[in-house]
Amino acid sequence: MPRLLPIGVLILSSVAYYYYNAYINPIKPNIDPIFRRQQIESVILDSWRDYKLNGWDKDVYHPLNPHTSQNMPKSGQPLGWIIVDALDTLLYVDSFTIDPTIKSNVQIELQDIAKWCADTLDYDLDAEVNIFETTIRMLGGLLSSYHLIESANSSTTTLDSSIFLNKAIDLAERMVPAFNQTETGIPYSSINLHTGVAVKNHVDMGASSTAEFTTLQLEFKYLSIVTGNDKYWKLVESVYEPLYKNNNLLTSYNGLIPIYTFPDTGNFLGQNIRFGSRGDSFYEYLLKQYLLTHEPLYYELYRHSIDGMKRHLLKTSKPNGLVYIAERPSGLNQIHSSKMDHLVCFMGGLMAMGATEGLPLSKARTMSWWDNTREEDFMIAQELTYTCYQMYAQTPTGLAPEIVVFNDRGSAEYTEFHSINSEWWTCPSGDFAIKPLDAHNLQRPETVESLMFLYHLTKDSQYRQWGAEILDSFIKHTCINCDDPDTITYTSLHNVIDIPTDKKDNVESFWIAETLKYLYLLFQDEVDLTKDIFNTEAHPFPAMNPERLKELNLTTGWSI
């Protein structure tokens, strides 16, 4: 595999690359897609069965002590955090499974969910909810389920799709007032779904997370498309103009964003720039809006941001040149941090999609728009995904921690990395270390997300091999009651270093909604990435015909 990085530093050689694979995992796992699909279906259903039996309709589920599970709103009513988030994963199983027993069981579960949504789920909650999280999980989950039921992607024709669309409209209407309570149109962080009063962030001087209010657009734009009401489209698009123009974003920041913004002015708070938490999905939704609606402005903005990232943040580790995305906590002109969140591992898949626009790589390279920049982006996408795979492969459990620190001579952490008194755990190759407080694993999806995209764009079996290794590690180390089919379930870990593993009493909704879904799609033989665009919580929406958008008068309402 050729190696390339545009900043002129040494990248891992192909010799070292194959040495790594032989050294870390000399026995290749079974990547037979039928076997793996059936295995993942079992993990999905085991996780779902345990939740349904022991934590039904609770938003926060504790599998070790189910009686302590709870709902998120202070009112005590459920948001459907796990139920709605998992819904379209179960729809995919119903659509793809070749096992009639699994299909029958899943259809029973889907009927139960539909009934619960119709009879119990009520978003008239006198409680504050986070607008971003509620949008990507609940609004996204409802709308994607509506889409899958309506489309050929689901065989579950007995479900009434209007249940989910009507709930989505009701929820969206309850969040709409948040956009009208600031002069900029940038919403505060939370809203009371009953009163419609928006609430500023309780910390960070009231500033909103920049990624949060720029990660609402796929969901609200798709809602405008299915309802014909352009209100939702206009509201979520309005946040960009003050963000870009008030901060001179393209020239002063090279398309990169500090992670906090004052909603009343649109001005940034601080200079902390990163692709991890509070920054990540800003970049994701620039590209995905283009892929969903083909609005060229958003590809242009994505291009500015990626070029800025390559210029200011793209770095390599010692001694083997693992490519990673650094942070600039004090601004673009200050020393970089070699810390990288697991959250950043979505960037491999994103850059690959940005290069090919969802077409297989071989076909994309024949298109008139293919150029050296896209070729370079795709190679960087492969490099980043390989780095994220190593974050799994080099730990004792085969699972990645929440955060790693790379061995980078130019970084702020370099001295502490090499301190003889350091309590950091260093990986066998010496390329990265893990701080004690960062060693936990929440069963996050970002690496397997990138593996799924890269496999279907290249058909290179190495991505399935890496995904199989990660799946096996999840099964081996995050399983509870593994020998009892009636009580088996999965949970997160306190750290990825110690064996036997110390289990955390927590399973996040994205375990079923994202991690297992992306693993399932990784082993599907036919996935057309030009047709479905996945939101940041892995909920799919259909790519839209531009002519249809013209009919609905849904167009870009601003420019730079």
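Read on for a plain summary of the structure. (Residues numbered from 1 in each chain as written. Predicted model: local features only at pLDDT ≥ 70, side-chain atom pairs only at ≥ 80, totals over all residues. Heavy atoms only, no water.)

### Examining helix α13 (residues 296-312)
To keep it simple, the criterion reads: By definition, any uninterrupted DSSP run of H or I lasting at least four residues is a helix, any uninterrupted run of E lasting at least two residues is a strand, and each is numbered from the N terminus. Here a helix's expected span is defined as the number of its residues, less one, multiplied by 1.5 Å. Relative accessibility decides the category of a residue: with a 1.4 Å probe and only protein chains considered, values under 20% of the type maximum give buried, values over 50% give exposed, and everything between is partly exposed.
A rise of 1.5 Å per residue sets the reference length of α13, with its 17 residues, at 24 Å; its end C-alpha atoms lie 25 Å apart and thus fit the reference within 8%. Across the 17 residues that make up α13, a large majority, 12, are buried.

### Quick word on the state of the cysteines
We count it as follows: By definition, disulfides here are pairs of cysteine sulfur atoms that lie within 2.5 Å.
Under the defined criterion, the tally for this structure stands at 2 disulfides. Shown here is the disulfide that connects C345 with C388, its sulfur atoms set 2.0 Å apart. One quick way to see it: the torsion about the S-S bond of C345 and C388 is about -95 degrees, and its sign makes the bridge left-handed. Separated by 43 residues along the polypeptide, C345 in the loop between β9 (339-341) and α14 (347-356) and C388 in helix α16 (residues 372-393) bring together distant segments of the chain. At a sulfur-sulfur separation of 2.4 Å, the disulfide partner of C479 is C482. Look at the chain and number its bonded cysteines as they come in the sequence; the links are 1-2, 3-4. C427 forms no disulfide, and the closest cysteine sulfur to it belongs to C388, at a distance of 13 Å. Classification of C427 by relative accessible area gives buried; the value is 4%.

### Here's the deal with the pairing of strand β5 (residues 258-261)
Condition: DSSP bridges decide pairing: two strands pair if at least two such bridges lie between them.
By the bridge criterion, 2 bridges tie strand β4 (residues 208-209) to β5 in an arrangement that is antiparallel. Each bridged residue has a counterpart across the sheet, and for S209 the counterpart in β5 is Y260. In this structure, β5 lies alongside strand β6 (residues 268-273), joined through 3 bridges in antiparallel fashion. Bridge pairing in β6 links T261 to F268. In textbook terms, the turn of a hairpin is the stretch between consecutive antiparallel strands, and for β5 and β6 this stretch comprises 6 residues, one of which, G266, has a positive phi near 80 degrees.

### Considerations on the packing of α14 against α16
As a reminder, the rule being used: Inter-axis angles, ranging from 0 to 180 degrees, are taken between N-to-C directions of lines fitted to C-alpha atoms, where helices are fitted over the stretch in contact. Note on angle classes: values under 35 degrees are labelled roughly parallel, values over 145 roughly antiparallel, values of 65 to 115 roughly perpendicular, and the remainder oblique. Crossings are classed by handedness, with left-handed meaning an anticlockwise turn of the near helix from the far one by less than a right angle and right-handed meaning a clockwise turn. Throughout, a contact is declared for two residues whenever any of their heavy atoms are within 4.5 Å. Note on residue classes: Ala, Val, Leu, Ile, Met, Phe, Trp, Tyr, Cys and Pro are nonpolar, Asp, Glu, Lys and Arg are charged, and everything else, Gly too, is polar.
Closest axis-to-axis distance for the α14/α16 pair is 8 Å, and the angle between their directions is 160 degrees. Classified by the angle between their axes, α14 and α16 sit roughly antiparallel to one another. The handedness of the crossing between α14 and α16 is left-handed. Residues M347, G348, G349, M351, A352, G354, A355 and T356 of α14 form the contact with α16, whose own contacting residues are R374, D377, F378, I380, A381, L384 and T385. Of the residues assigned to the contact of α14 with α16, the class counts are 8 nonpolar, 5 polar and 2 charged.

### Quick notes on the packing of helix α4 (residues 100-119) against helix α6 (residues 161-175)
Two quantities define a packed helix pair, namely the angle between the axes and the distance from one axis to the other. Direction vectors running N to C along α4 and α6 enclose 40 degrees, while the axes themselves pass 10 Å from each other. Classed by the angle they form, the pair α4 and α6 counts as oblique. The element α4 and its partner α6 pack so that their crossing is left-handed. Within the contact between the two elements, α4 uses A114, C117 and A118 and α6 uses I163, F164 and K167.

### Structural notes on the pairing of strand β10 (residues 403-406)
As a general feature of sheets, a regular strand has side chains that alternate between the two faces. Here β10 shows no split at all, with I403 and V405 on one side and V404 and F406 on the other all buried. With 3 bridges joining them, β9 and β10 adopt antiparallel strand pairing. Bridge pairing links M340 to V404 in β10. Inspection of the sheet shows β10 paired to strand β12 (residues 432-434) by 2 bridges, in the antiparallel sense. Bridge pairing links F406 to F432 in β12.

### Some points on the side chain of T385
Inspection of the secondary structure assignment puts T385 in helix α16. Contact partners of T385, with chain neighbours within four places excluded, come to G348, G349, S450, L451, L454, Y463 and W466.

### A closer look at the environment of D483
When you line up the elements, D483 lands in the loop between β13 (479-480) and β14 (489-490). The class of D483 is exposed, set by a relative accessible area of 79%. Separated by 386 residues in the primary sequence, D483 and T97 have C-alpha atoms spaced 24 Å apart.

### A look at the packing of aromatic side chains
For clarity, the threshold we go by: To pair, rings of Phe, Tyr and Trp, with the six-membered ring standing in for Trp, must have centres within 6.5 Å; the planes then decide the type, stacked if under 30 degrees apart, edge-to-face if over 60, and tilted in the middle.
A full pass over the atoms with the stated rule returns 33 aromatic pairs. Note on Y244 and F282: the rings are 6.4 Å apart at their centroids and 35 degrees apart in plane angle, and the pair reads as tilted. On the criterion of sequence distance, the pair formed by Y244 in helix α10 (residues 240-246) and F282 in helix α12 (residues 280-293) is long-range, its members being 38 residues apart. Given the relative accessible area of 0%, F282 is considered buried. Taking the centre distance of 6.4 Å and the plane angle of 45 degrees together, the rings of Y386 and Y389 count as tilted. One end of the pair is Y386 and the other is Y389, both in helix α16 and 3 residues apart, which spans about a single turn.

### What to know about the sheet that holds strand β1 (residues 128-130)
The strands that make up a sheet pair up through hydrogen bonds in the backbone, lying either parallel or antiparallel. As summarised here, the arrangement of the 3 strands in space is β1-β2-β3, forming an open sheet in which the pairing is antiparallel. The open sheet has two edge strands, β1 and β3 (198-199), and neither has a second partner.

### A word on the sheet that holds β4
Taken together, 3 strands build an open sheet; the order of strands is β4-β5-β6 and the sheet is antiparallel. The sheet is open, and its two borders are formed by β4 and β6, each paired with just one other strand.

### Considerations on the nonpolar core
So the rule is basically this: Only buried residues count toward a nonpolar core, which is a set of Ala, Val, Leu, Ile, Met, Phe, Trp, Tyr and Cys residues joined through side-chain atoms within 4.5 Å.
Counting 172 residues, the largest nonpolar core has I325 and M347 as its most contacted members. For I325, the contacting residues outside a window of four places in its chain are F275, M309, L313, L314, K339, M340, V344, M347 and L384.

### Side note on the environment of N130
Take N130: it is sitting in strand β1. For N130, a relative accessible area of 23% gives the class partly exposed. Between the alpha carbons of N130 and K503 there is a distance of 28 Å; along the sequence they are 373 residues apart. If sequence neighbours within four positions are ignored, N130 has contacts with S189, S190 and E212.

### Concerning helix α8 (residues 217-227)
Residues separated by three or four positions in an α-helix point in the same direction, a consequence of the helix having 3.6 residues per turn. Within α8, 9 of the 11 residues are buried, leaving the element largely enclosed by the surrounding structure. What α8 keeps buried is the set Q217, L218, E219, F220, K221, Y222, L223, S224 and I225. Positive backbone phi, approximately 75 degrees, marks G228, located one or two places after α8.

### Focus on the pattern of salt bridges
Applicable threshold: Think of a salt bridge as a Lys or Arg side-chain nitrogen and an Asp or Glu carboxyl oxygen that are within 4 Å of each other.
With the rule as written, the count across this model stands at 31 salt bridges. Residue E376 is joined to K310 by a salt bridge in which the shortest nitrogen-to-oxygen separation is 2.6 Å. Taken together, the residues E376 in helix α16 and K310 in helix α13 connect sequence positions 66 residues apart. Each member of the pair, E376 as well as K310, carries the same accessibility label: buried. Between E375 and R365 there is a salt bridge, with the nearest N and O atoms lying 2.5 Å from each other. Of the two residues, E375 is situated in helix α16 and R365 in the loop between α15 (361-364) and α16; the sequence distance between them amounts to 10 residues. Accessibility expressed as a relative area gives 42% for R365, which makes it partly exposed.

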